[in-house]
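Given next are the chains, with one letter for each unit.
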Amino acid sequence: MDEELARIGAVRQQKTAELDVQDASCMDRFAVTDCQNKVTIRRRQMLADLKRQEDEIKDAQRQQRAQQQLQRSADKAAENAQHATESEALQSSETERDRQKAQDEKVLSHQQHAKPVEPKASGPKIAAGLDADTRAKNRAAYQEKQEAAQKRREDRAQRLIDHVNGGPPLPAAP
């Protein structure tokens, strides 16, 4: 197809040169305009025919590239489907092994914890967590943080109010 396009280009150059010579020879005649009009008509017909041939070749090239692209897409889709199937099979086998392993671990865990539990002596219950002094310190620190955050919010609001009302006026347009 590229050879055909090159051939059409060469024919175009040759015919254009011939028509240029005929156009120049028209200048020697008495009816210059009529002769030039006839040469122009032949030039348009020749160029239209060559353009049509080029368009047909380029259209065939586009169709060929489109077919190749469709084939590549189909090949890639088939390859992706195959990879998905392989990965799904591998994942399902790994999932089954993981389930079995988790089940075995549960059984071992239950067997280890299944020892008989001796009742504990009932006595005073100890509060879980922090002691009272630590809790009081934590509360105080939390309250300080809350107060500091509130102060920052108030300062920011005041700065915004001052900024809106505060700048010097813009100069008047000339």
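Whatever comes next refers back to the structure up there.
Just so you know, these numbers come straight off a predicted model, no measurement behind them. (Residues numbered from 1 in each chain as written. Predicted model: local features only at pLDDT ≥ 70, side-chain atom pairs only at ≥ 80, totals over all residues. Heavy atoms only, no water.)

K.L.:
How would you sum up helix H2 (residues 32–113)? Please name residues and give values.
P.N.:
Two residues of an α-helix separated by three or four positions point the same way, owing to the 3.6 residues in each turn. Spanning 82 residues, H2 covers 115 Å between terminal C-alpha atoms, matching the ideal 122 Å at 1.5 Å per step. What H2 keeps buried is the set Cys35, Val39, Arg43, Met46, Leu50, Gln53, Glu54, Ile57 and Gln61. Where H2 is buried, its residues contact helix H1 (2–26). (Helix = DSSP H or I, 4+ residues; strand = E, 2+ residues; numbered from the N terminus. Expected span 1.5 Å × (residues − 1). Buried < 20%, exposed > 50% of the residue type's maximum accessible area, 1.4 Å probe, protein only. Contact = heavy atoms within 4.5 Å.)

K.L.:
Before we move on, can you summarise the state of the cysteines with the specific residues and values?
P.N.:
Taken as a whole and assessed by the stated rule, the structure comprises one disulfide. What pairs with Cys26 in a disulfide is Cys35, and their sulfur atoms sit 1.8 Å apart. Disulfide Cys26-Cys35: the torsion about the S-S bond is -60°, which places it as left-handed. Under the relative-accessibility criterion, Cys26 is labelled buried at 0%. When its relative accessible area of 10% is taken as the criterion, Cys35 is described as buried. (Disulfide = S-S within 2.5 Å.)

K.L.:
Which residues make up the side chain of Arg43, and what values do they have?
P.N.:
Inspection of the secondary structure assignment puts Arg43 in helix H2. Of the residues examined, Arg43 reaches a relative accessible area of 19% and is grouped as buried. Apart from the residues within four sequence positions on either side, Arg43 is in contact with Thr16, Leu19, Asp20 and Asp23.

K.L.:
Describe the pattern of salt bridges, listing the residues and the values that go with them.
P.N.:
Across all of its chains, the model carries ten salt bridges by this definition. A salt bridge links Arg52 to Asp49; the nearest nitrogen and oxygen atoms lie 2.6 Å apart. Taken together, the positions of Arg52 and Asp49, both in helix H2 and three residues apart, correspond to about one turn of that helix. In this structure Arg52 comes out as partly exposed when scored by relative accessible area, which is 41%. A relative accessible area of 32% means that Asp49 is categorised as partly exposed. A salt bridge links Asp155 to Lys151; the nearest nitrogen and oxygen atoms lie 3.4 Å apart. In this pair, Asp155 and Lys151 are both assigned in helix H3 (residues 132–166), four residues apart and thus about one turn of the helix distant. (Salt bridge = Lys/Arg side-chain N within 4 Å of Asp/Glu carboxyl O.)

K.L.:
Describe the nonpolar core, and please don't skip the residues or the numbers.
P.N.:
Within the largest apolar cluster, nine residues are counted, these being Leu5, Ile8, Leu19, Cys26, Cys35, Val39, Met46, Leu50 and Ile57. In terms of residues, this core owes the most to one element, H2, which gives five residues. Sequence-distant contacts of Met46, that is, excluding residues within four places in its chain, are made with Lys15, Thr16 and Leu19. (Core = buried A, V, L, I, M, F, W, Y, C linked by side-chain atoms within 4.5 Å.)

K.L.:
I'd like a description of the packing of H1 against H2, backed by residues and values.
P.N.:
Interhelical geometry of H1 versus H2 gives an angle of 175° and a closest axis separation of 10 Å. Between H1 and H2, the angle is such that the two are roughly antiparallel. (Axes fitted to C-alpha atoms, helices over the stretch in contact; angles between N-to-C directions. Parallel < 35°, antiparallel > 145°, perpendicular 65-115°, else oblique.)

K.L.:
Describe the environment of Arg42, naming the residues involved and giving the relevant values.
P.N.:
Within the secondary structure, Arg42 sits in helix H2. A residue is classified by how much of its surface remains accessible, and Arg42, at 41% relative accessible area, is partly exposed. Distance in space between the C-alpha atoms of Arg42 and Lys15 is 9.9 Å, their sequence separation being 27 residues. When residues no more than four places from it in sequence are discounted, the contact partners of Arg42 are Leu19 and Gln22. Of the polar contacts made by the side chain of Arg42, one reaches the side chain of Gln22; its length is 2.9 Å. (Polar contact = N/O pair within 3.5 Å; in protein donor to acceptor, adjacent residues only side chain to side chain.)

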